[in-house]
Amino acid sequence: MLIEKLVQKPDTVTYEELVYLLEKDDYTEKLFEAADEVRKRYVGDEVHLRGIIEFSNYCRRHCLYCGIRSENKNIDRYRMTKEEIIERAKRITERGIKTIVLQSGEDPYYTAEMIADIVKSIKKMNVAVTLSLGEREEKDYELWKESGADRYLMRHETASEKLYNFLHPDSSFEMRVKHLKTLKKLGYETGAGCMVGLPGQGPKELALDLIFLRELDADMVGIGPFIPHQDTPLGKEKAGDLKMCLKMIALTRLLIPDSNIPATTAMGSIHPNGRELALKVGANVIMPNLTPAKYKPLYQLYPNKICVFESDMRCIPCMKKMITNLNRKVGTGFGSRKRTDVIHFEKV
Ligand code: 5AD
Ligand code: FES
(Lines give C-alpha, C1' and ligand atoms only; values in the text may rest on other atoms or scores of the structure.)
(Ligands and ions follow the chains in the order given, each with its own letter.)
Protein backbone atom coordinates (compact mmCIF):
# COMPACT_ATOMS: atom_id res chain seq x y z
CA MET A 1 0.00 0.00 0.00
CA LEU A 2 1.06 3.53 -0.74
CA ILE A 3 1.38 4.73 2.85
CA GLU A 4 3.50 1.68 3.81
CA LYS A 5 5.79 2.40 0.91
CA LEU A 6 6.13 6.01 2.10
CA VAL A 7 7.11 4.80 5.55
CA GLN A 8 9.39 1.98 4.52
CA LYS A 9 10.94 3.11 1.26
CA PRO A 10 10.34 6.84 0.89
CA ASP A 11 13.08 7.10 -1.72
CA THR A 12 11.11 4.88 -4.11
CA VAL A 13 7.86 6.86 -4.02
CA THR A 14 7.21 8.31 -7.46
CA TYR A 15 6.11 11.72 -8.65
CA GLU A 16 2.80 10.24 -9.85
CA GLU A 17 2.13 8.70 -6.44
CA LEU A 18 2.73 12.02 -4.73
CA VAL A 19 0.38 13.78 -7.14
CA TYR A 20 -2.24 11.17 -6.32
CA LEU A 21 -1.88 11.66 -2.56
CA LEU A 22 -2.13 15.42 -2.94
CA GLU A 23 -5.12 15.27 -5.28
CA LYS A 24 -7.19 12.65 -3.52
CA ASP A 25 -8.20 12.31 0.09
CA ASP A 26 -8.75 8.57 0.44
CA TYR A 27 -5.42 8.11 2.28
CA THR A 28 -5.24 11.44 4.09
CA GLU A 29 -6.08 10.19 7.59
CA LYS A 30 -3.57 7.34 7.26
CA LEU A 31 -1.00 9.77 5.88
CA PHE A 32 -1.35 12.04 8.92
CA GLU A 33 -1.07 9.11 11.34
CA ALA A 34 1.99 7.73 9.58
CA ALA A 35 3.68 11.14 9.58
CA ASP A 36 3.09 11.52 13.31
CA GLU A 37 4.55 8.06 13.98
CA VAL A 38 7.59 8.68 11.82
CA ARG A 39 8.11 12.06 13.49
CA LYS A 40 8.07 10.35 16.88
CA ARG A 41 10.43 7.60 15.79
CA TYR A 42 13.03 9.83 14.10
CA VAL A 43 13.00 13.12 15.99
CA GLY A 44 11.10 12.23 19.16
CA ASP A 45 8.62 14.22 21.19
CA GLU A 46 10.75 17.32 21.64
CA VAL A 47 9.61 20.48 19.92
CA HIS A 48 12.49 22.92 19.43
CA LEU A 49 12.04 26.65 19.88
CA ARG A 50 13.91 28.93 17.49
CA GLY A 51 13.82 32.57 18.47
CA ILE A 52 13.49 34.73 15.40
CA ILE A 53 14.56 38.36 15.14
CA GLU A 54 13.32 40.12 12.01
CA PHE A 55 15.95 42.82 12.02
CA SER A 56 15.25 44.73 8.78
CA ASN A 57 12.26 44.99 6.47
CA TYR A 58 14.20 46.69 3.69
CA CYS A 59 14.31 44.49 0.60
CA ARG A 60 15.85 45.01 -2.80
CA ARG A 61 13.73 42.32 -4.46
CA HIS A 62 10.39 42.29 -6.25
CA CYS A 63 8.80 38.94 -5.34
CA LEU A 64 5.20 39.18 -6.51
CA TYR A 65 3.70 37.70 -3.32
CA CYS A 66 5.65 39.49 -0.63
CA GLY A 67 4.50 42.48 1.41
CA ILE A 68 8.00 43.88 1.95
CA ARG A 69 8.95 43.86 -1.77
CA SER A 70 10.82 46.99 -2.71
CA GLU A 71 7.93 48.44 -4.75
CA ASN A 72 5.68 48.56 -1.73
CA LYS A 73 5.79 52.19 -0.65
CA ASN A 74 2.92 51.63 1.76
CA ILE A 75 5.03 50.44 4.71
CA ASP A 76 7.42 52.07 7.13
CA ARG A 77 10.85 50.57 6.77
CA TYR A 78 13.16 49.89 9.72
CA ARG A 79 16.64 48.60 10.37
CA MET A 80 17.95 47.43 13.72
CA THR A 81 21.49 48.40 14.57
CA LYS A 82 24.17 45.84 15.26
CA GLU A 83 23.99 46.69 18.95
CA GLU A 84 20.20 46.37 19.02
CA ILE A 85 20.35 42.95 17.39
CA ILE A 86 23.01 41.63 19.75
CA GLU A 87 21.22 43.03 22.79
CA ARG A 88 17.98 41.40 21.67
CA ALA A 89 19.72 38.06 21.13
CA LYS A 90 21.15 38.31 24.62
CA ARG A 91 17.74 38.82 26.17
CA ILE A 92 16.35 35.88 24.22
CA THR A 93 19.16 33.48 25.09
CA GLU A 94 18.81 34.44 28.74
CA ARG A 95 15.36 32.86 28.51
CA GLY A 96 16.90 29.53 27.57
CA ILE A 97 16.28 29.67 23.82
CA LYS A 98 18.99 27.64 22.08
CA THR A 99 18.70 28.91 18.52
CA ILE A 100 18.66 32.48 17.28
CA VAL A 101 17.33 33.03 13.78
CA LEU A 102 18.30 36.30 12.13
CA GLN A 103 15.95 37.18 9.32
CA SER A 104 15.61 40.22 7.06
CA GLY A 105 14.64 41.28 3.59
CA GLU A 106 17.51 41.26 1.11
CA ASP A 107 19.14 44.33 2.54
CA PRO A 108 22.64 45.16 1.21
CA TYR A 109 22.97 47.84 3.90
CA TYR A 110 24.32 45.07 6.13
CA THR A 111 27.75 44.25 4.81
CA ALA A 112 29.12 40.73 5.09
CA GLU A 113 31.46 41.99 7.81
CA MET A 114 28.64 43.49 9.85
CA ILE A 115 26.70 40.22 9.78
CA ALA A 116 29.88 38.29 10.63
CA ASP A 117 30.42 40.48 13.70
CA ILE A 118 26.84 39.94 14.84
CA VAL A 119 27.16 36.17 14.36
CA LYS A 120 30.40 36.07 16.35
CA SER A 121 28.86 37.99 19.24
CA ILE A 122 25.78 35.77 19.36
CA LYS A 123 27.85 32.57 19.14
CA LYS A 124 29.50 33.58 22.41
CA MET A 125 26.09 33.07 24.01
CA ASN A 126 26.40 29.32 23.42
CA VAL A 127 23.56 28.97 20.95
CA ALA A 128 23.04 27.84 17.37
CA VAL A 129 22.76 30.66 14.85
CA THR A 130 20.53 30.47 11.79
CA LEU A 131 20.68 33.06 9.04
CA SER A 132 17.79 33.89 6.72
CA LEU A 133 18.98 36.87 4.70
CA GLY A 134 18.20 35.87 1.15
CA GLU A 135 20.68 35.46 -1.67
CA ARG A 136 24.19 36.79 -1.13
CA GLU A 137 27.59 36.11 -2.61
CA GLU A 138 29.29 32.80 -1.92
CA LYS A 139 32.14 34.55 -0.15
CA ASP A 140 29.64 36.11 2.26
CA TYR A 141 28.13 32.71 3.11
CA GLU A 142 31.67 31.46 3.58
CA LEU A 143 32.65 34.28 5.92
CA TRP A 144 29.54 33.80 8.03
CA LYS A 145 30.14 30.06 8.25
CA GLU A 146 33.67 30.75 9.44
CA SER A 147 32.25 33.21 11.93
CA GLY A 148 30.18 30.43 13.46
CA ALA A 149 26.81 30.44 11.68
CA ASP A 150 25.32 26.96 11.80
CA ARG A 151 22.26 27.05 9.58
CA TYR A 152 20.77 28.96 6.67
CA LEU A 153 17.13 29.20 5.68
CA MET A 154 16.34 29.85 2.05
CA ARG A 155 13.00 28.54 0.90
CA HIS A 156 12.88 27.41 -2.71
CA GLU A 157 9.32 28.88 -2.72
CA THR A 158 8.14 26.65 -5.58
CA ALA A 159 9.93 24.01 -7.61
CA SER A 160 7.84 24.73 -10.67
CA GLU A 161 10.47 26.55 -12.67
CA LYS A 162 7.93 28.45 -14.72
CA LEU A 163 6.00 29.63 -11.66
CA TYR A 164 9.21 30.51 -9.79
CA ASN A 165 10.43 32.66 -12.65
CA PHE A 166 7.05 34.39 -12.91
CA LEU A 167 6.96 35.16 -9.17
CA HIS A 168 10.57 36.39 -9.08
CA PRO A 169 11.04 38.77 -12.01
CA ASP A 170 14.57 39.64 -10.87
CA SER A 171 15.84 36.10 -10.43
CA SER A 172 15.43 32.50 -11.56
CA PHE A 173 14.86 29.05 -10.18
CA GLU A 174 18.22 28.01 -11.55
CA MET A 175 19.87 30.69 -9.42
CA ARG A 176 17.93 29.60 -6.33
CA VAL A 177 19.07 26.01 -6.71
CA LYS A 178 22.64 27.19 -7.15
CA HIS A 179 22.48 29.11 -3.87
CA LEU A 180 20.96 26.19 -1.99
CA LYS A 181 23.64 23.83 -3.26
CA THR A 182 26.36 26.31 -2.30
CA LEU A 183 24.98 26.52 1.24
CA LYS A 184 24.98 22.73 1.52
CA LYS A 185 28.50 22.52 0.14
CA LEU A 186 29.74 25.05 2.70
CA GLY A 187 28.41 22.83 5.48
CA TYR A 188 25.38 24.81 6.56
CA GLU A 189 22.41 22.90 7.84
CA THR A 190 20.25 24.07 5.00
CA GLY A 191 16.58 24.91 5.05
CA ALA A 192 14.37 25.02 1.98
CA GLY A 193 10.61 24.92 1.65
CA CYS A 194 7.69 26.35 -0.19
CA MET A 195 4.41 28.14 -0.05
CA VAL A 196 1.23 26.21 -0.72
CA GLY A 197 -1.65 27.52 -2.81
CA LEU A 198 0.20 30.04 -4.95
CA PRO A 199 -1.73 31.07 -8.06
CA GLY A 200 -1.23 28.38 -10.68
CA GLN A 201 0.09 25.85 -8.17
CA GLY A 202 -1.87 22.62 -7.77
CA PRO A 203 -1.02 19.02 -6.83
CA LYS A 204 1.20 18.58 -9.90
CA GLU A 205 3.36 21.55 -8.92
CA LEU A 206 3.37 20.69 -5.21
CA ALA A 207 4.59 17.18 -5.98
CA LEU A 208 7.58 18.82 -7.69
CA ASP A 209 8.31 20.59 -4.39
CA LEU A 210 8.37 17.27 -2.54
CA ILE A 211 10.65 15.64 -5.10
CA PHE A 212 12.93 18.67 -5.00
CA LEU A 213 13.14 18.62 -1.18
CA ARG A 214 13.94 14.90 -1.14
CA GLU A 215 16.60 15.31 -3.79
CA LEU A 216 18.21 18.27 -2.01
CA ASP A 217 17.98 16.30 1.25
CA ALA A 218 16.94 19.52 2.98
CA ASP A 219 17.88 19.59 6.65
CA MET A 220 14.98 21.91 7.48
CA VAL A 221 11.76 22.46 5.58
CA GLY A 222 9.48 25.46 6.07
CA ILE A 223 6.01 25.06 4.60
CA GLY A 224 3.10 27.45 4.87
CA PRO A 225 0.10 28.73 2.96
CA PHE A 226 0.38 31.56 0.49
CA ILE A 227 -1.53 34.51 1.98
CA PRO A 228 -2.38 37.37 -0.40
CA HIS A 229 -1.10 40.79 0.59
CA GLN A 230 -3.22 43.74 -0.58
CA ASP A 231 -0.22 45.84 -1.62
CA THR A 232 1.25 43.25 -3.99
CA PRO A 233 0.35 42.17 -7.53
CA LEU A 234 -1.18 38.99 -6.06
CA GLY A 235 -3.42 40.88 -3.64
CA LYS A 236 -6.64 39.58 -5.15
CA GLU A 237 -5.68 35.91 -5.29
CA LYS A 238 -6.96 33.18 -2.96
CA ALA A 239 -5.04 32.03 0.12
CA GLY A 240 -3.58 28.51 0.40
CA ASP A 241 -5.68 25.73 1.87
CA LEU A 242 -5.05 24.38 5.36
CA LYS A 243 -5.52 20.72 4.53
CA MET A 244 -3.21 20.92 1.53
CA CYS A 245 -0.54 22.49 3.76
CA LEU A 246 -0.94 19.70 6.30
CA LYS A 247 -0.60 17.08 3.57
CA MET A 248 2.59 18.76 2.36
CA ILE A 249 4.02 18.76 5.89
CA ALA A 250 3.09 15.12 6.45
CA LEU A 251 4.58 14.03 3.13
CA THR A 252 7.77 15.97 3.83
CA ARG A 253 8.13 14.19 7.17
CA LEU A 254 7.80 10.84 5.41
CA LEU A 255 10.19 11.71 2.58
CA ILE A 256 12.89 13.19 4.85
CA PRO A 257 12.20 11.44 8.18
CA ASP A 258 14.92 13.11 10.27
CA SER A 259 14.47 16.67 8.98
CA ASN A 260 13.46 19.59 11.16
CA ILE A 261 10.06 20.92 10.16
CA PRO A 262 8.55 24.04 11.74
CA ALA A 263 4.90 24.68 12.43
CA THR A 264 5.07 28.04 10.68
CA THR A 265 3.57 31.36 11.67
CA ALA A 266 1.66 31.40 8.37
CA MET A 267 -0.07 28.15 9.42
CA GLY A 268 -1.20 29.85 12.61
CA SER A 269 -2.30 32.88 10.64
CA ILE A 270 -4.81 31.07 8.40
CA HIS A 271 -6.32 28.90 11.15
CA PRO A 272 -6.49 29.35 14.94
CA ASN A 273 -5.04 25.86 15.44
CA GLY A 274 -2.88 25.78 12.35
CA ARG A 275 0.38 25.35 14.21
CA GLU A 276 -0.96 22.69 16.58
CA LEU A 277 -2.30 20.75 13.61
CA ALA A 278 1.09 21.00 11.90
CA LEU A 279 2.81 19.65 15.03
CA LYS A 280 0.41 16.69 14.94
CA VAL A 281 1.20 15.70 11.36
CA GLY A 282 4.97 15.82 11.32
CA ALA A 283 6.28 19.20 12.47
CA ASN A 284 8.78 19.32 15.38
CA VAL A 285 9.92 22.95 15.51
CA ILE A 286 8.25 26.25 16.33
CA MET A 287 9.64 29.75 15.93
CA PRO A 288 8.59 32.37 18.47
CA ASN A 289 8.67 35.82 16.93
CA LEU A 290 10.96 37.79 19.24
CA THR A 291 11.40 40.88 17.12
CA PRO A 292 11.16 43.94 19.38
CA ALA A 293 7.51 44.99 19.76
CA LYS A 294 7.97 48.32 17.99
CA TYR A 295 9.19 46.66 14.79
CA LYS A 296 7.04 43.52 14.75
CA PRO A 297 3.98 44.99 12.99
CA LEU A 298 6.21 46.38 10.25
CA TYR A 299 7.51 42.99 9.14
CA GLN A 300 4.38 42.14 7.18
CA LEU A 301 5.19 39.60 4.52
CA TYR A 302 1.45 38.85 4.52
CA PRO A 303 -1.54 40.31 6.37
CA ASN A 304 -3.13 39.03 9.60
CA LYS A 305 0.17 37.63 10.83
CA ILE A 306 -0.32 36.32 14.34
CA CYS A 307 1.61 37.38 17.45
CA VAL A 308 2.40 40.78 16.00
CA PHE A 309 0.73 42.66 18.82
CA GLU A 310 1.91 40.34 21.58
CA SER A 311 4.25 42.19 23.84
CA ASP A 312 7.89 41.36 24.02
CA MET A 313 8.64 37.73 24.93
CA ARG A 314 5.02 36.55 25.27
CA CYS A 315 5.34 33.97 22.54
CA ILE A 316 7.82 31.90 24.57
CA PRO A 317 5.45 30.89 27.41
CA CYS A 318 2.56 30.69 24.93
CA MET A 319 4.42 28.18 22.78
CA LYS A 320 5.66 26.18 25.73
CA LYS A 321 2.07 25.79 26.82
CA MET A 322 1.05 24.78 23.32
CA ILE A 323 3.74 22.09 23.32
CA THR A 324 2.83 20.61 26.70
CA ASN A 325 -0.89 20.73 25.84
CA LEU A 326 -0.06 18.46 22.92
CA ASN A 327 1.73 16.05 25.27
CA ARG A 328 5.04 16.90 23.74
CA LYS A 329 8.25 18.18 25.33
CA VAL A 330 9.97 21.51 25.04
CA GLY A 331 13.35 20.89 23.38
CA THR A 332 16.36 21.46 25.60
CA GLY A 333 19.27 21.08 23.17
CA PHE A 334 20.19 22.81 19.93
CA GLY A 335 17.83 20.61 17.98
CA SER A 336 20.16 20.23 15.04
CA ARG A 337 19.43 17.56 12.49
CA LYS A 338 20.56 14.36 14.18
CA ARG A 339 23.07 13.28 11.62
CA THR A 340 24.83 16.62 12.00
CA ASP A 341 24.22 17.24 15.67
CA VAL A 342 27.56 18.88 16.29
CA ILE A 343 27.77 22.55 17.06
CA HIS A 344 31.29 23.89 16.98
CA PHE A 345 32.36 26.52 19.44
CA GLU A 346 36.09 26.36 19.18
CA LYS A 347 35.95 28.81 16.30
CA VAL A 348 34.62 31.69 18.35
N1 5AD B 1 2.22 34.52 2.07
C2 5AD B 1 2.83 33.49 2.69
N3 5AD B 1 4.15 33.38 2.86
C4 5AD B 1 4.91 34.38 2.38
N5 5AD B 1 6.24 34.54 2.38
C6 5AD B 1 6.52 35.72 1.80
N7 5AD B 1 5.38 36.32 1.39
C8 5AD B 1 4.36 35.49 1.73
C9 5AD B 1 2.96 35.54 1.57
N10 5AD B 1 2.34 36.56 0.97
C11 5AD B 1 7.18 33.52 2.86
C12 5AD B 1 8.18 33.11 1.78
C13 5AD B 1 9.51 33.48 2.39
C14 5AD B 1 9.22 33.45 3.86
C15 5AD B 1 10.17 34.21 4.70
O16 5AD B 1 7.92 33.99 3.95
O17 5AD B 1 8.09 31.72 1.57
O18 5AD B 1 10.55 32.60 2.05
FE1 FES C 1 2.87 34.21 19.90
FE2 FES C 1 1.11 32.57 21.16
S3 FES C 1 2.83 32.08 20.01
S4 FES C 1 1.35 34.71 21.31
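Since the structure is predicted, the reported quantities are computational estimates derived from the model, not experimental observations.

> If you had to explain the sheet that holds strand 7 (residues 220–225) to someone new, which residues and values would you point to?
Read across the sheet, six strands follow the order 2-3-4-5-6-7 without closing on themselves; strand pairing throughout is parallel. Each end of this open sheet is capped by a strand with a single partner; those strands are strand 2 (51–56) and strand 7. If you compare each strand with its neighbour and ignore which way they point, the axes differ by 20° on average. As defined by bridge partners, strand 4 (residues 128–132) adjoins strand 5 (residues 151–153) across two bridges and the pair is classed as parallel. Residue pairing in the sheet places Leu131 in a bridge with Tyr152 of strand 5. Contacts between helix 4 (residues 82–93) and the sheet are confined to strand 2 and strand 3 (99–104), with strand 2 contributing the most and set at about 170° to the helix. Taken strand by strand, helix 8 (residues 173–185) contacts strand 5 and strand 6 (189–196), and its axis lies near 150° from that of strand 6.

> Quick rundown of the pairing of strand 1 (residues 46–49)? Include the residues and the values.
Summarising the sheet, strand 1 and strand 10 (residues 329–330) pair through two bridges and their orientation is parallel. Within strand 10, the residue paired with Val47 across the bridge is Val330. With two bridges joining them, strand 1 and strand 9 (residues 285–286) adopt parallel strand pairing. The residue of strand 9 that forms the bridge with Leu49 is Ile286.

> Quick one: what's the story with the pairing of strand 4, residue by residue and with numbers?
Most of strand 4 sits out of view: five of its five residues are buried. Residues Ala128, Thr130 and Ser132 of strand 4 are buried on one face, and the alternating residues Val129 and Leu131, pointing to the opposite face, are buried as well. Summarising the sheet, strand 3 and strand 4 pair through five bridges and their orientation is parallel. Considered in strand 4, the bridge of Leu102 is made with Leu131. Read as a crossover between parallel neighbours, the route from strand 3 over helix 5 (residues 112–123) to strand 4 is right-handed. Handedness of the β-α-β unit built from strand 4, helix 6 (residues 138–146) and strand 5 comes out right-handed.

> I'd like a rundown of the site of ligand 1, residues and numbers included.
Neighbouring residues of ligand 1: Tyr65, Cys66, Gln103, Arg155, Glu157, Met195, Pro225, Phe226, Ile227, Leu301 and Tyr302. Glu157 is positioned with one of its side-chain polar atoms (N or O) 2.5 Å from an oxygen atom of ligand 1. Ile227 has a polar backbone atom sitting 2.8 Å from a nitrogen atom of ligand 1. Tallied by class, residues from the shell around ligand 1 come to eight nonpolar, one polar and two charged.

> Would you mind going over the sheet that holds strand 8 (residues 262–263) in detail, with residue names and values included?
Strand order in the open sheet made by the four strands is 8-9-1-10, with parallel pairing throughout. Each end of this open sheet is capped by a strand with a single partner; those strands are strand 8 and strand 10. Sitting on the sheet, helix 13 (residues 315–325) is in contact with strand 1, strand 9 and strand 10, with an inclination near 165° to strand 1.

> Give me the pattern of salt bridges: which residues, what numbers.
Taken as a whole, this structure holds 30 salt bridges when the rule is applied. Two residues, Lys247 and Asp25, come together in a salt bridge whose shortest N-O distance is 2.9 Å. One end of the pair, Lys247, is in helix 10 (residues 242–255); the other, Asp25, is in the loop between helix 2 (15–23) and helix 3 (28–43), and 222 residues separate them in sequence. A salt bridge links Glu71 to Arg69; its shortest N-O distance comes to 3.9 Å. Accessibility expressed as a relative area gives 8% for Arg69, which makes it buried.

> Residues and numbers for the packing of aromatic side chains, please.
Taken as a whole and assessed by the stated rule, the structure comprises nine aromatic pairs. Of the aromatic side chains, those joined through ring pairs into one cluster are Tyr141, Trp144, Tyr152 and Tyr188. A cation over a ring is seen here: Arg79 above Tyr58, with NZ or CZ 3.7 Å from the ring centre. Geometry around Tyr188 places Lys145 over its ring, the cationic atom sitting 5.7 Å from the centre.

> So what's going on with the nonpolar core? Which residues, and what values?
Membership of the largest hydrophobic core comes to 104 residues, with the highest contact counts inside it found for Leu131 and Trp144. Per-element tally for this core: the top contributor is helix 10, with 10 residues. Setting aside anything within four residues of it in sequence, one finds Trp144 in contact with Ala112, Ile115, Ala116, Val119, Leu131, Leu133, Arg136, Ala149, Tyr152 and Tyr188.

Conventions and cut-offs
- Residues numbered from 1 in each chain as written.
- Chains lettered and ligands numbered in written order.
- Predicted model: local features only at pLDDT ≥ 70, side-chain atom pairs only at ≥ 80, totals over all residues.
- Heavy atoms only, no water.
- Pairing = 2+ DSSP bridges.
- Helix = DSSP H or I, 4+ residues; strand = E, 2+ residues; numbered from the N terminus.
- Axes fitted to C-alpha atoms, helices over the stretch in contact; angles between N-to-C directions.
- Contact = heavy atoms within 4.5 Å.
- Buried < 20%, exposed > 50% of the residue type's maximum accessible area, 1.4 Å probe, protein only.
- Right-handed = clockwise from strand over helix to strand, strands pointing away.
- Near = heavy atom within 4 Å.
- Polar contact = N/O pair within 3.5 Å; in protein donor to acceptor, adjacent residues only side chain to side chain.
- Nonpolar A, V, L, I, M, F, W, Y, C, P; charged D, E, K, R; others polar.
- Salt bridge = Lys/Arg side-chain N within 4 Å of Asp/Glu carboxyl O.
- Phe/Tyr/Trp six-rings, centres within 6.5 Å; stacked < 30°, edge-to-face > 60°.
- Lys NZ or Arg CZ within 6 Å of the ring centre and 35° of its normal.
- Core = buried A, V, L, I, M, F, W, Y, C linked by side-chain atoms within 4.5 Å.

By themselves, these observations are geometric and do not establish any function.
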